Amino acid sequence: MSIIDYLENNALKYSDKVSLVEICNGVVYRRKSITWHKFNINANRLSNWLIVHHITQDCKVAILMKNCIDWLPIYFGILKVGAVAVPLNYNFDVSELQYCIELVECSVIIFSTEFLDKIKAVRASSTTPYIYIEVGSNILPEFESYNSILESSSKLNPHVSIAADNNAAIYFSSGTTGLPKAVLLTHKALLASAQTEQNHHHQSNSDNFLITAPLYHTGAKVHWFGNLLSGGSAVLLNNMSPYRIIDIVSKEHITIAWLLLPWVQDILDAIDMGDVILENYALESWRLTHMGAQPIPPEVVQQWTKVFPAQEFDINYGLTEAGGPGCIHLGVDNIHKPGSIGKAGYKWEALIVSDEGTPVQNNVVGELIVKGDGVMVGYYKSPEETAKALRNGWLFTGDMAYKDNEGFVYLVGRNKDLIISGGENIYPIQIENFLKTNPAIKDAAVIGVPNNRLGEIIVAIIEIKPGYRCSQSEMKKFCVSLPPYERPYKFIFASIPRNAMGKVQKEKLREQYLLESIWRKHNDDSKVLI
C-alpha cells in the first residue's frame, strides 16, 4: 500500500462521504466541500495533464498556495505520476522563492492568484522556461489554468507504477538559522509517517480533523494523513483567531485539532479575559487536542487540561527530516509527565548521545538522534550537510535532550541555542519554561549575547499578556528562585517573532538586537543594555 492507494480506496469505499471542507474567509459563514470521489478525480485530472506535458518520474512540481480545498488534490495529482511535490513557504520573499525553485530544478509551478506578483517577479528574473499553472481567477491567458485542467483532462487513474523508494516530496526546513534546506522524502517515508500518526491518535472514519497549520509544512499534512488512512473528514481553516477556532470546532463538529503553541496561548487568554465563553459553543465532539512543532511549556499543558478536562491531550515531537511529527510521542496516557515529549514513536528508535555519538546515561544532556522509515533521503544537492545529519541510518536532530529514569525524553534546546556563560552550559528552554509560569507573561524567548567578561550573558525577551504590566525589577525578583547563573541579566519587553509553524526565530532576535547596536561595545555584568 502507498499513500496514493489509500486515496483510491477511499474514493471507492467512501465515494459520497465529504473528504475536505474549506471555511471561506469573510464575515459571512461560507464553506466549500468535496467528496472522496471528487478529491480523487481532481487528482487524476491533474496527473493526466502532467503526463501529456511530459511531467513524469522525478520531475519537480512546486506548490505556492495557502490552505484551500484544491491544495491536497493538487499534491496527490503530482504524486500519482511519480513526480516530486515541492510545497513552498508562501511567506518567503521573491529571492527565497527563486532560490528554492532553482535549487531543486522545478519544471512546473502551481500557484494561487493571490501570489501573482511574486510569480511575475520570479518569472521576470528567471531564464528557465517553467510551466506556470494558476489556481483561482481563470482569466490570466499567460498562464495555464487549473480550472481548465479540471474541465478537460481525463478523470481516469493514470496507473503509473511507483515504488516505495521513489522520491515523493521535497520540503524546505524552516530556515530559522539560515537559508532553508531542501529535505527529500520518499513514498515509503510518507506512508511510514501516516501509519505512525494513525497508530498514535487512532483516527476512525467518523473523525473530523481541523487543519490550521500551513500545508507547505509536513506537520499539518502528516497529522491529516491519519484521517486519510481511515477515510475521515477534515476542515481547512485560514485566518486564525481564538473565536474563529472555537466557533469552527463547534459548527463543524471537529473531533481532533492539532494546534500550535501561539494559538493555544491565545485561546487560553481569550477564555481567561471573557472574550470567548465556552458555554456558548457545542464542543462535545472535540475528543483530542495535540500540539508540537516546538517545546510545549508544562504550564500551558496544565492550563489547557484544566479548561478542557474531558478532552484528551497529546504532544508529538518531530522534524521535517524525519517525515514530520511523531518520531517522539508522549501519548494521552502520559500527560502526567508535563514537560516531556515522550518516548520513541510507533516503529521509531531514539537515543541521546554525546558529541562522540555514544549513548549517555539517563538524566545526562546529549543530542537526540532518531531512526525509522520516515527519515529523509537527505538534503537535496547538499551531500556535506546530509553526511552531518545522517550517520549509519540515524538522524542527528540537533536538539539537546535527556531521558529520565523511565525513558521519557525532555528537550532542553537546540545545540545552536546553547548559551555558555562563565563556563556554565545554559539551555534557554529551561529558563523560558520558568518565565512562562508568571501569570503576566504570554511568551518568552531567551538568547545569549556576547559579553567580554562572561563570554555570553542571558537576555530574556518577554511578551506581556494584555491587561498586565511588568517591570525590570519585578522580573528580577521573580527569577530569584533560579540558580544564579540562569538568571537573565536583562529583560526586553517586546513581541516574540515566530515563523508560520510557531517556532521562535531566535536568529532574528539575535540579529535584531545586535544590529540595532543595543549592546555596549565593552559591557560588563551589571550594565548590559544602553
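In this report, the structure presented in the accompanying data block is examined. (Residues numbered from 1 in each chain as written. Predicted model: local features only at pLDDT ≥ 70, side-chain atom pairs only at ≥ 80, totals over all residues. Heavy atoms only, no water.)

1. Thoughts on unusual backbone geometry
Then step 1. Positioned with a positive phi, N363 is a non-glycine residue whose angle comes to about 70 degrees.
Then step 2. Checked against the element boundaries, N363 lands in the loop between β17 (349-353) and β18 (366-371).
Then step 3. For K381, which is not a glycine, the phi torsion comes out positive at approximately 60 degrees.
Then step 4. For K381, the location among the structural elements is in the loop between β19 (378-379) and α12 (383-389). (Helix = DSSP H or I, 4+ residues; strand = E, 2+ residues; numbered from the N terminus.)

2. Notes on the side chain of T255
Then step 1. Among the structural elements, T255 can be located in the loop between α9 (242-252) and β12 (256-258).
Then step 2. Judged by its relative accessible area of 10%, T255 is buried.
Then step 3. Beyond its immediate sequence surroundings of up to four residues, T255 is in contact with S206, D207, N208, S285, W286, R287 and L288. (Buried < 20%, exposed > 50% of the residue type's maximum accessible area, 1.4 Å probe, protein only. Contact = heavy atoms within 4.5 Å.)

3. Digging into the pattern of salt bridges
Then step 1. In the structure shown here, the tally under the stated rule is 14 salt bridges.
Then step 2. Across the pair E252 and R31 runs a salt bridge, and its minimum N-O distance is 2.9 Å. In this pair, E252 sits in helix α9 while R31 sits in strand β2 (residues 30-35), placing the two residues 221 residues apart along the sequence.
Then step 3. Classification of E252 by relative accessible area gives buried; the value is 8%. (Salt bridge = Lys/Arg side-chain N within 4 Å of Asp/Glu carboxyl O.)

4. Notes on the pairing of strand β9 (residues 182-186)
Remember that side chains alternate between the two faces of the sheet whenever the strand is regular.
Then step 1. Within β9, five of the five residues are buried, leaving the element largely enclosed by the surrounding structure.
Then step 2. Neither face of β9 is exposed, since A182, L184 and T186 on one face and V183 and L185 on the opposite face are all buried.
Then step 3. In this sheet, β9 lies alongside strand β8 (residues 167-172) in antiparallel orientation, the contact comprising five bridges. Among the inter-strand pairings, I170 is bridged to a residue of β9, identified as L184.
Then step 4. Here β9 pairs with β19 via two bridges, running antiparallel. Counted as the bridge partner of V183 is Y379 from β19. (Pairing = 2+ DSSP bridges.)

5. Here's the deal with the packing of helix α1 (residues 3-13) against helix α2 (residues 36-52)
Then step 1. Packing of α1 against α2 leaves a shortest axis separation of 7 Å and a crossing angle of 135 degrees. The pairing of α1 with α2 is recorded here as oblique in orientation. The interaxial crossing formed by α1 with α2 has left-handed handedness. Counting all contacts with α1, which are made through L7, E8, N10 and A11, the residues of α2 involved are W36, H37, F39, N40, A43 and N44. (Axes fitted to C-alpha atoms, helices over the stretch in contact; angles between N-to-C directions. Parallel < 35°, antiparallel > 145°, perpendicular 65-115°, else oblique. Left-handed = near helix turned anticlockwise from the far one by under 90°.)

6. Concerning the sheet that holds β2
Then step 1. An order of β2-β1-β11-β10-β12-β13-β14-β15-β16 is seen for the nine strands of this open sheet, with the pairing classed as mixed. Both edges of this open sheet fall to β2 and β16 (343-344), since each of them pairs with a single strand only.
Then step 2. Note that β12 and strand β13 (residues 288-291) share three bridges and pair parallel. The partner of A257 across the bridge, within β13, is T289.

7. Side note on the packing of aromatic side chains
Then step 1. Evaluated as defined, the whole model comprises 18 aromatic pairs.
Then step 2. Where W36 meets F39, the ring centres are 5.5 Å apart and the plane angle is 15 degrees; that geometry is what we call stacked. One end of the pair, W36, and the other, F39, are both in helix α2, three residues apart, so they sit about a helical turn from each other.
Then step 3. Ring pairs connect the aromatic residues W36, F39, W71, Y75, F76, W224 and F225, which therefore count as one cluster.
Then step 4. The ring of Y75 carries the charged tip of K221 above its face, separated from the ring centre by 4.9 Å. (Phe/Tyr/Trp six-rings, centres within 6.5 Å; stacked < 30°, edge-to-face > 60°. Lys NZ or Arg CZ within 6 Å of the ring centre and 35° of its normal.)

8. Structural notes on helix α7 (residues 187-201)
Then step 1. Here α7 is 15 residues long and its end C-alpha atoms lie 21 Å apart, about the 21 Å a rise of 1.5 Å per residue gives.
Then step 2. Burial analysis of α7 places eleven of its 15 residues in the buried class, the great majority of the element.
Then step 3. When we look at burial in α7, the residues that qualify are H187, A189, L190, L191, A192, S193, A194, T196, E197, H200 and H201. (Expected span 1.5 Å × (residues − 1).)

9. Remarks on the packing of α7 against helix α8 (residues 218-230)
Then step 1. At a minimum axis distance of 8 Å, the contact between α7 and α8 shows a crossing angle of 80 degrees. In terms of orientation, α7 and α8 fall into the roughly perpendicular class. Contacts between α7 and α8 involve L190, S193, A194, Q195, E197, Q198 and H201 on the former and, on the latter, V222, H223, F225, G226, L229 and S230.

10. With respect to the environment of Y410
Then step 1. For Y410, the location among the structural elements is in strand β22 (residues 409-414).
Then step 2. Overall, Y410 belongs to the buried group, its relative accessible area being 14%.
Then step 3. Along the sequence, Y410 and G339 sit 71 residues apart, while their C-alpha atoms lie 6.5 Å from each other.
Then step 4. If we skip the residues at most four places from it in the chain, Y410 touches K337, P338, G339, S340, M400, A401, Y402 and D404.
Then step 5. Here the side chain of Y410 touches D404 through a polar contact of 3.4 Å, side chain to side chain. (Polar contact = N/O pair within 3.5 Å; in protein donor to acceptor, adjacent residues only side chain to side chain.)

Don't take any of this as a statement about function, it's just geometry.
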